[in-house]
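Here are the chains, one letter per residue:
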Amino acid sequence: MTATIADIAKRADVSLGTVSKVLNGRPGVGEAKRAQILRLIKETGYEGRSGRSRRPSRLIEFVMRGIDTLWATQLLVGAEAEAARGGVGLVISATHGRLIGNRHWIDRLSERHSDGVVVVASRIHSGIEAELGRLRIPHVMLDMAGAPPPGVAVVGATNAAGGRAAVDHLVELGHRKIGVVTGNRELACSQERLDGYIASLVRAGIEPHNDYIHFGNFDISGGYRAACLMLDSHDPPTAIFAGSDLQAFGVYQAARERGIRIPEDLSIVGFDDVPLCEWLMPRLTTIRQPLEEMAQQSVRMVMAMAYQQAERPQTKLELATTLVVRESTAPPRRRR
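Procedures and definitions
Residues numbered from 1 in each chain as written. Predicted model: local features only at pLDDT ≥ 70, side-chain atom pairs only at ≥ 80, totals over all residues. Heavy atoms only, no water. Helix = DSSP H or I, 4+ residues; strand = E, 2+ residues; numbered from the N terminus. Buried < 20%, exposed > 50% of the residue type's maximum accessible area, 1.4 Å probe, protein only. Contact = heavy atoms within 4.5 Å. Areas by Shrake-Rupley, 256 points an atom, 1.4 Å probe, with all protein chains shown as cover. Pairing = 2+ DSSP bridges. Salt bridge = Lys/Arg side-chain N within 4 Å of Asp/Glu carboxyl O. Axes fitted to C-alpha atoms, helices over the stretch in contact; angles between N-to-C directions. Expected span 1.5 Å × (residues − 1). Phe/Tyr/Trp six-rings, centres within 6.5 Å; stacked < 30°, edge-to-face > 60°. Lys NZ or Arg CZ within 6 Å of the ring centre and 35° of its normal. Core = buried A, V, L, I, M, F, W, Y, C linked by side-chain atoms within 4.5 Å.

A tally of helices and strands in the chain yields 11 helices and 12 strands. Sorting the 336 residues of the chain into buried and exposed places 50% on the buried side. Relative to all contacts within the chain whose residues are 6 or more apart in sequence, the contacts with residues 24 or more apart total 73%. On the chain, roughly 16,100 Å² of surface is accessible, and the fraction owed to carbon and sulfur atoms is 52%.

Further remarks concern the pairing of strand E3 (residues 116-120). Counted residue by residue, E3 has 5 buried out of 5 residues, so it is predominantly covered. The sheet contact formed by strand E1 (residues 59-64) and E3 spans 5 bridges and is parallel. Bridging across to E3, Glu61 finds its partner in Val117. Pairing analysis gives 4 bridges linking E3 to strand E4 (residues 139-142), with the strands arranged parallel. Paired with Val119 across the bridge in E4 is Met141.

Applying the stated criterion across every chain, the model contains 12 salt bridges. Notably, a salt bridge pairs Glu278 with Arg283, separated by 2.6 Å at the nearest N-O pair. Exposure remark for Glu278: the relative accessible area of 38% places this residue in the partly exposed category. In this structure, a network of salt bridges that share partners links the residues Asp273, Glu278, Arg283, Arg326 and Glu327.

It is worth spelling out the sheet that holds strand E11 (residues 316-319) at this point. Across the sheet, which stays open at both edges, the 6 strands sit in the order E2-E1-E3-E4-E5-E11 with parallel pairing between neighbours. Among the strands making up the open sheet, the edge pair consists of strand E2 (89-94) and E11. Neighbour to neighbour, the strand axes of the sheet diverge by 20° on average, direction disregarded. Summarising the sheet, strand E5 (residues 153-157) and E11 pair through 4 bridges and their orientation is parallel. Residue pairing in the sheet places Val155 in a bridge with Leu317 of E11.

In a regular helix each residue adds 1.5 Å, so 14 residues correspond to 20 Å; helix H7 (residues 159-172) covers 20 Å between its end C-alpha atoms and thus fits that length. Those residues of H7 that sit buried are Asn159, Gly162, Gly163, Ala166, Val167, His169, Leu170 and Val171. At the C-terminal side of H7, Gly174 shows a positive phi close to 110°.

Let's shift gears to the packing of aromatic side chains. The final tally for this structure, using the stated rule, is 1 aromatic pair. Note that Arg185 overlies the ring of Phe215, its terminal NZ or CZ placed 3.8 Å from the centroid. When the ring centre of Phe271 is taken as origin, the NZ or CZ atom of Arg193, which lies over that ring, is 3.9 Å away.

Position of Arg203 among the secondary structure elements: in helix H8 (residues 188-203). Sequence separation of Arg203 and Asp168 is 35 residues, and the distance between their C-alpha atoms is 9.2 Å.

Quick look at the nonpolar core now. Formed by 28 residues in total, the largest nonpolar core has its most connected members in Phe62, Met64, Leu75, Val120 and Leu142. Those elements that provide at least two residues to this core are E1, helix H4 (70-85), E3, E4, E5 and helix H11 (291-307). Looking at this core, the element that brings in the most residues is H11, giving 10 residues. Cys228, Leu231, Leu246 and Ala255 belong to the second largest nonpolar core, which has 22 residues in total.

Reading across from one edge, E7-E6-E8-E9-E10-E12 is the order of the 6 strands in this open sheet, with mixed pairing throughout. Every other strand in the sheet has two partners, leaving strand E7 (213-215) and strand E12 (322-324) as the edge strands with one partner each. Within the sheet, the average angular offset between the axes of one strand and its neighbour, ignoring direction, is 20°. Taken together, the 3 bridges between strand E6 (residues 178-182) and E7 define a ladder with parallel strand orientation. If you follow Thr182 over to E7, its bridge partner there is Phe215. Most of the contacts of H7 go to strand E9 (residues 267-272), to which it runs at about 165°, and overall it touches E6, strand E8 (239-242), E9, strand E10 (285-288) and E12.

Taking 1.5 Å per residue, 17 residues should reach 24 Å; H11 reaches 24 Å between its end C-alpha atoms and fits that length. For H11, the tally of buried residues reaches 14 of 17 residues, placing the bulk of the element in the interior.

Listed below in structure tokens is the structure:
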């Protein structure tokens, strides 16, 4: 005779609602009692309403700050391709800058029976690591905001090396007045790209200029605002390193409004190498970040942990960045 929820509840000495919570992965059940109920479910061979044993949902959550940028599109292409190869569904959600990991978010995650989570460049609640661990949901952080919790799996790019390569290129062209606009201070990649910028200047014997260093969102408006401040100063830079291609697009706009020619009067280097770089006039010199591959690696890692019982990686995986030289950079024009 097939076991029922009532049979399990009776044997565990709990209510039907408590068994239902465990079956649906909802919180509100103590660890010891949850373990007992799961053991009874396995021992009795409980079958759900469909008459079949519960199977893994084969769903991976891909949580992003936003999905409306070219940067996000590149990541989604890579994540979807890897999930499809593994026969896994991809649930995509945007945080819009909100903190993730609160009780509502955890409850929704449990209700969907998701097998793993990839969190992309988002601020996380301090307790999310413990909650995901309690629910036994493997997770990977991609381009993590801030320092990762101990032992967490993290995928990123060589941001500092990319920043150095961008500024080394400008220094080699002869630039000495080089500005930078990077992303939010809370994002580790923002600081790493800034670190690369500073390291390159110091190595070249150039004193970093506070008026040339700006933080902003990794979007067009962030690049535009920072470029306006630098280009309207009494001693404007001859080159600007933008922490993202979108910021570089904003720098283009600020320069054109002021009649500043690119690259004759101002050289610009971006970061990411999104497809639109090839369609700008002039085409944008940038640091290529392997966004699709980063997303693929993240989904591959979380699938391995979810479906192959692979151990969680203990180190950060960093993929290489490369300089792509196009027409937006040139030696500085000599002033009379």
